[in-house]
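# Architecture at a glance
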Number of protein chains: 2
Amino acid sequence: MPEYNVAVVGATGAVGQEILKVLAERRFPVKNLKLLATSRSAGKQMVFRGETHTVEETRPESFAGMDFALFAGGAASKEFGPGVAARGCVVIDNSSHFRLDPQVPLVVPEVNPEDVKWHRGIIANPNCSTIIMVVPLKPVKDAAGIRRVVVSTYQAVSGAGKEAIDELADQTRTVLNGGEYTPKVFPYQIAFNLIPHIDVFQEMDYTKEEWKMVKETRKILHDENMAITATTVRVPVYRSHSESINIETEKKLTAAGVKELLARFPGVVVMDEPAAKKYPMPLYCSDRDEVFVGRIREDNSVDCGLNLWVVADQLRKGAATNAVQIAGLVVQYGCLPGGGR
Amino acid sequence: MPEYNVAVVGATGAVGQEILKVLAERRFPVKNLKLLATSRSAGKQMVFRGETHTVEETRPESFAGMDFALFAGGAASKEFGPGVAARGCVVIDNSSHFRLDPQVPLVVPEVNPEDVKWHRGIIANPNCSTIIMVVPLKPVKDAAGIRRVVVSTYQAVSGAGKEAIDELADQTRTVLNGGEYTPKVFPYQIAFNLIPHIDVFQEMDYTKEEWKMVKETRKILHDENMAITATTVRVPVYRSHSESINIETEKKLTAAGVKELLARFPGVVVMDEPAAKKYPMPLYCSDRDEVFVGRIREDNSVDCGLNLWVVADQLRKGAATNAVQIAGLVVQYGCLPGGGR
C-alpha cells in the first residue's frame, strides 16, 4: 500500500492537534510527517504514533517532497497554499480563504465526495457549523427536496481555538470565586453568558459565520439559490457545536421517515428516544467523528416542516476528521498530481 | 390612594422573592402583605420594604381579607386558586394550570391588557419564554401581520428554580476541580453542556415547554391558528432567557422599520449596534424589566422574513414583573370584585 508524506500546518493549535490524532486513529498511510507552525511554536515537540516530532517554522521550502499539506486554518493558508499546490502537493485547507473560490472544491465526504475529483491542488474544508449542518441536510434533500432552512447555532468555545478553551475555564473559575476576569479571546465574558456574535459583522448585519453557513451550504449542496438563514451564537461549552435546524421540504416527510433516512446515512447517528431522555448533548458527543441528530419532529407550522437538533464535535467532524477524510478520498480516487502514483 | 392586601404564595422561591422585590420597586400600593409557602418554608423570615414578615403555611383561611393573591407557581395554584378567587380575592397565577382555560385571561400587559377586564377571579401569567417572545411579536404583528414563527430558545437555569441555580454553581465548581457531581435538578450535567429538553415530552415529541410557546402565544395574540414552531434548550446561564426568533410577516418590513417599531413599543429596549458590538446578552440583561432585542435582520430566504435575537430576565419580565403589572392593570381598570373599591 502506498504511503504519503504529510505536512500539518498549524500543528500545535486545537485543530492541528486533532488532525494528528485523527491521522493516527484512521491509520492514514503517512510515510513522513512534517509538523509546521509559526515561529512562536517552532521547536515544540509533539508525538505522532509513538514518535516524537519537532515543530518547524512554516517556510515555502518546508513542503519539498510532501504529498499532502493539511492546513489547520489561519493566515498560513493564504500565504503558502497556492505555492505549495503549484509544487504538486495537495493542499487541504481548513481556513475560509479558498472556500468560495470557484476553482476550489469545498468538500464534505459524506455529501459531495465527487467534487474532490476536479481539484487543482487545493481542496477546502468547510466551516465547522456548515459541515455539521450539511451532513443531515443531504439525505433530506435527496429524499424530499429542500425549500428553506432556518438555523440557530449553539457554538462551543473551542471553535475559537485553544486560548478560548483556557479562557472559558479560567474565567469560570474566577467568576465563581467572585473575581474579575478581563476577556482576551471573546469580546465579553463567556462564562455563564451567551454571545450572539461569531466572526465579523458583514452585509445586512449578518456575521461572517452566518454568511458562511449560507454560502458554503449552497456550494456543497450544488444549489446556488438555496434559501437559508442563520443566527450564530457562542455558548459556554468547551467542545461540540449544537444546532437547532428547521427545514421546509418540497415533499412531505414523516418524522419516522426522516429517522430512517438519517440512520442509513453515513456519518450520522440518530439519538432520539424522548421517553428514555436520549437526545444529543455537546458534553457527550465530543471526541466522536459522527454527527448526532435528535429531537426529530414534524413541524406543522408549514406544509412540509421538520425540526432537528444536531450536535457534533467541531474539532473532529467540523475540522480535523473532515480534512483527513478528504485526504482519504484523494488517495481513493487517485487524484494526486501524477494520478496517485 | 387605595391600598390592597396582598398574599404572595410561594414567597420563598426564586419567583416569589422576585415578586417581593418588584412589588416594592414599583411601589405597588400594598396595605398588608402575607407571605405564604409550603410547611417546609413556614417560619422563615423575609424583609419587605424594611419590615420583617414571617412566612406562613398556605391554608384556605390564609386568604381571608386579601385583595390579591400572587401565586409564584407550582401545585398551590391548582389546590387553592379557585377557592381563593371564589372568596373575592383576585388570583394572579404564574403556574401553567389555568393558562389555557377559556374562562381565564392570559395576559402580557404590553400586549393584551384589555383581557384583564373579563377575568372571573383568576388571571394567568404566561410561560416565561412565551412572555419574552410575544412582547416583540406584538408590534410586528400589528404592523405587518405574522405568517409564521420559528423559535429556538437558550434558557437559563433559574427557570427551574433556586435549586437549579445552586446546581449550576456547585456542579461547575466540582467539574472544574475534576470531581463528579450527580445532577439533582436537571436530567444531565448542565455545567459546560446544553440540554434540549425542558419540561415533559408530549405529543409529536415536542416538550410541554415547546407546546406552551405555541399555544400560549396563540391565546395572547388572539390568533388561534398562528403558525409557530419551537425548540427549547437549557443552557449553562444563571439568569435571563435568550431566543433566536425567525418571523415571516404578511407585509414586507425593513430592518430599519422593525427597529423603529420595536423602539416605540413599551417594555422593549432595542440594543442593536453591530459595529459597536452592542447586542443583548443574558449576563447584562438580568435584573431588568424590559425585553431586549438585537441582531435585527431582514431574512431574504423568504419574501418577508425577519430574524431577531431577544433576551429578557425570565424571573422579572418572564414572571414577577409581569404578574405585578397585571395586578396594576386590575387596579387601573377597577376590575376588582366590587368594582375596585
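Conventions we followed
Residues numbered from 1 in each chain as written. Chains lettered and ligands numbered in written order. Predicted model: local features only at pLDDT ≥ 70, side-chain atom pairs only at ≥ 80, totals over all residues. Heavy atoms only, no water. Contact = heavy atoms within 4.5 Å. Buried area = accessible area lost by both parts, 1.4 Å probe. Salt bridge = Lys/Arg side-chain N within 4 Å of Asp/Glu carboxyl O. Polar contact = N/O pair within 3.5 Å; in protein donor to acceptor, adjacent residues only side chain to side chain. Helix = DSSP H or I, 4+ residues; strand = E, 2+ residues; numbered from the N terminus. Nonpolar A, V, L, I, M, F, W, Y, C, P; charged D, E, K, R; others polar. Domains from an automatic or database assignment. Least-squares fit on C-alpha atoms with pLDDT ≥ 70 in both. Expected span 1.5 Å × (residues − 1). Buried < 20%, exposed > 50% of the residue type's maximum accessible area, 1.4 Å probe, protein only.

Attention now moves to the interface of chain B and chain A. Across the contact, 59 residues belong to chain B and 59 residues belong to chain A. In this assembly, chain B packs against chain A so that about 5200 Å² is buried in total across both faces, 58% of it on carbon and sulfur atoms. If you sort the residues of chain B by the area they bury against chain A, Arg148, Phe192 and Leu194 of chain B come out on top, with a joint share of 13%. Applying the counting rule to chain B against chain A returns ten salt bridges. Our count for the contact surface shared by chain B and chain A stands at 36 residue pairs in polar contact (both at pLDDT 80 or more). Of all the secondary-structure elements, those providing two or more residues to the side of chain B that touches chain A are strand 9 (146-154), helix 4 (162-176), strand 10 (227-231), strand 11 (241-249), helix 7 (282-285), strand 13 (291-299) and strand 14 (305-312) of chain B. Here the side of chain B that touches chain A is composed, by residue class, of 32 nonpolar, 16 polar and eleven charged.

Residues and elements named next belong to chain A. The domain boundaries assigned to chain A delineate domain 1 (4-127 + 319-339) and domain 2 (130-314). A C-alpha centroid distance of 25 Å is found between domain 1 and domain 2. The interface of domain 1 with domain 2 comprises 26 residues on the first partner and 24 residues on the second. The contact between domain 1 and domain 2 buries some 2000 Å² in all, and 53% of this surface belongs to carbon and sulfur atoms. For domain 1, the biggest contributors to the area lost against domain 2 are Glu110, Val111 and Asn127; these three give 33% of the whole. At the boundary of domain 1 with domain 2, the tally comes to three salt bridges. The closest approach of N and O atoms between Asp289 and Arg26, which form a salt bridge, is 3.4 Å.

Attention shifts here to the relation of the copies chain B and chain A. For the match of chain B to chain A, the screw axis carries a shift of 0.0 Å, the RMSD comes to 0.0 Å, and the turn is 180°. Taken together, these values place the two copies in the relation of a two-fold axis.

As a further point, take helix 1 (residues 14-25) of chain A. Structurally, the α-helix is built with 3.6 residues per turn, so residues lying three or four positions apart point the same way. All names here are of chain A. Between its first and last C-alpha atoms helix 1 spans 17 Å; for twelve residues at 1.5 Å apiece the expected length is 16 Å, and the two agree. Every buried residue of helix 1 is listed here: Ala14, Val15, Gly16, Glu18, Ile19, Leu20, Val22 and Leu23. The elements touched by buried residues of helix 1 are strand 1 (4-9), strand 2 (30-37), strand 3 (45-48), strand 6 (68-71), helix 4 (162-176) and helix 8 (316-333). Count one or two residues on from helix 1 and you reach Arg27, which has phi positive near 50°.

Counted according to the given criterion, the structure contains 52 salt bridges over all chains. One salt bridge in this structure joins Asp313 of chain A and Arg239 of chain A, with 2.8 Å as the shortest N-O distance. Note that Asp313 of chain A is positioned in the loop between strand 14 (305-312) and helix 8 and Arg239 of chain A in the loop between strand 10 (227-231) and strand 11 (241-249), a separation of 74 residues in sequence. Across the pair Arg316 of chain B and Glu25 of chain B runs a salt bridge, and its minimum N-O distance is 2.5 Å. In this pair, Arg316 of chain B is assigned in helix 8 (residues 316-333) and Glu25 of chain B in helix 1 (residues 14-25), connecting sequence segments 291 residues apart. Beyond isolated ion pairs, a larger network of salt bridges with shared partners links Glu18, Lys21, Glu25, Arg26, Arg239, Asp287, Asp289, Asp313 and Arg316 of chain A.

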